[in-house]
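Structural description and commentary
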Amino acid sequence: TDPQIAIGLPDASDSNSSTGDLCLGVNGVLVLGFSSSIYDGPGDDIYVFEVGGNVEETKVEISDDLSAWYEIGIAEGRTAGLNISGKVPAGSGFRYVRLTDTGANPSGGWPGADIDTVCGLNTRPLPDEPEPSPAPAPSPAPGGGEEHGDIDGGYYTFRDREGYTVTVPLTAFAYRVIDFQAGNP
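Before going into details, it helps to say that this report is about the structure given with it. (Residues numbered from 1 in each chain as written. Predicted model: local features only at pLDDT ≥ 70, side-chain atom pairs only at ≥ 80, totals over all residues. Heavy atoms only, no water.)

**Describing the pattern of salt bridges**
Counted under the stated rule, the structure contains one salt bridge. Between E61 and R98 there is a salt bridge, with its nearest N and O atoms 2.8 Å apart. Here the residue E61 occupies a position in strand β4 (residues 58-63), and R98 occupies one in strand β7 (residues 93-101), the gap between them amounting to 37 residues. A residue is classified by how much of its surface remains accessible, and E61, at 9% relative accessible area, is buried. (Salt bridge = Lys/Arg side-chain N within 4 Å of Asp/Glu carboxyl O. Helix = DSSP H or I, 4+ residues; strand = E, 2+ residues; numbered from the N terminus. Buried < 20%, exposed > 50% of the residue type's maximum accessible area, 1.4 Å probe, protein only.)

Below, the structure is given as structure tokens:
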């Protein structure tokens, strides 16, 4: 239930005893901040790492000012990519992501989407924000089946749920929690 666990590199497992993810609860809301600006680039632009025994949907919205929000779609669970093309003003950059559990799968001992982290696939550094220190390498979560990738220099490489290899800067992951409103447990 600690929202700080949803920032940085992926470090959860798909086991029921994982301690590396945040359970949103049914209709829970999490807002994360980025040190980079997420923009529309080739392919998917945002990845949501959802883990746990149940595959649970999350509505994903983005903003640059925490006032105007653009809905970009539903992350359908696991490592789900979303493309912002056609859903936001052209040429815009975004530094906040809001995740809302859709309530579509309210069963199990921990109902609601289980968020490990969020990653911007197409990012640019923000000129007015100091870069955070790269996150340390994740340690294995209990239960095995970790969704870890490899760290090489300042980059992180992982496989998405379709089996594609993805490489992003370490600073492409959410690095601060803006708000968390736990849903119905």
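**Side note on the sheet that holds strand β1 (residues 22-23)**
Reading across the sheet, the four strands line up as β1-β8-β3-β6 and stay open at both edges, with antiparallel pairing between neighbours. This sheet does not close on itself; its edge strands, each paired only once, are β1 and β6 (79-82). The pairing of strand β3 (residues 46-51) with β6 spans four bridges and is antiparallel. Paired with Y47 across the strands is G81, a residue of β6. (Pairing = 2+ DSSP bridges.)

**Examining the packing of aromatic side chains**
For the structure shown, the criterion picks out six aromatic pairs. Taken together, a centroid distance of 6.2 Å and an interplanar angle of 45° make the contact between F49 and F173 tilted. One end of the pair, F49, is in strand β3; the other, F173, is in the loop between β12 (165-169) and β13 (176-181), with 124 residues separating them in the sequence. Each of the two residues, F49 as well as F173, counts as buried. By the ring-pair criterion, three or more aromatic residues cluster together here, those being Y47, F49, Y156, F158 and F173. The ring of W69 has R98 lying over it, and the distance from NZ or CZ to the ring centre is 4.1 Å. (Phe/Tyr/Trp six-rings, centres within 6.5 Å; stacked < 30°, edge-to-face > 60°. Lys NZ or Arg CZ within 6 Å of the ring centre and 35° of its normal.)

**A short note on the side chain of E50**
With respect to the helices and strands, the residue E50 is situated in strand β3. From its side chain, E50 meets the backbone nitrogen of D114 in a polar contact 3.4 Å long. (Polar contact = N/O pair within 3.5 Å; in protein donor to acceptor, adjacent residues only side chain to side chain.)

**Re unusual backbone geometry**
Here the phi dihedral of N27 falls at roughly 65°; this positive angle occurs in a residue that is not glycine. In this fold, N27 is placed in the loop between β1 and β2 (29-39). Residue class for N27 comes out partly exposed when judged on its relative accessible area of 46%. Here L66, not a glycine, exhibits a phi torsion of approximately 65°, which is positive. Summarising the element assignment, L66 is placed in the loop between β4 and β5 (70-75). Given a relative accessible area of 37%, L66 falls into the partly exposed group.

**Quick look at the sheet that holds strand β11 (residues 155-159)**
Ordered by their spatial adjacency, three strands build an open sheet running β10-β11-β12, and the pairing between neighbours is antiparallel. With partners counted over all chains shown, the strands left at the sheet margins are β10 (150-152) and β12, one partner each. On average, each strand axis in the sheet is tilted by 25° relative to the strand beside it, whichever way the strands run. Note: β10 against β11, three bridges, orientation antiparallel. Looking at the pairing, D150 lines up with T157 of β11. (Axes fitted to C-alpha atoms, helices over the stretch in contact; angles between N-to-C directions.)

**Overview of the pairing of β11**
Residue alternation in β11 divides its side chains into a buried set, Y156 and F158, and an unburied set, Y155, T157 and R159. Counting the residues in the hairpin turn of β10 and β11 gives two residues, including G153, whose phi is positive at 65°. Relative to β12, β11 runs antiparallel, the two being bridged by five bridges. Paired with F158 across the strands is V166, a residue of β12.

Shape descriptors only; they carry no functional weight alone.
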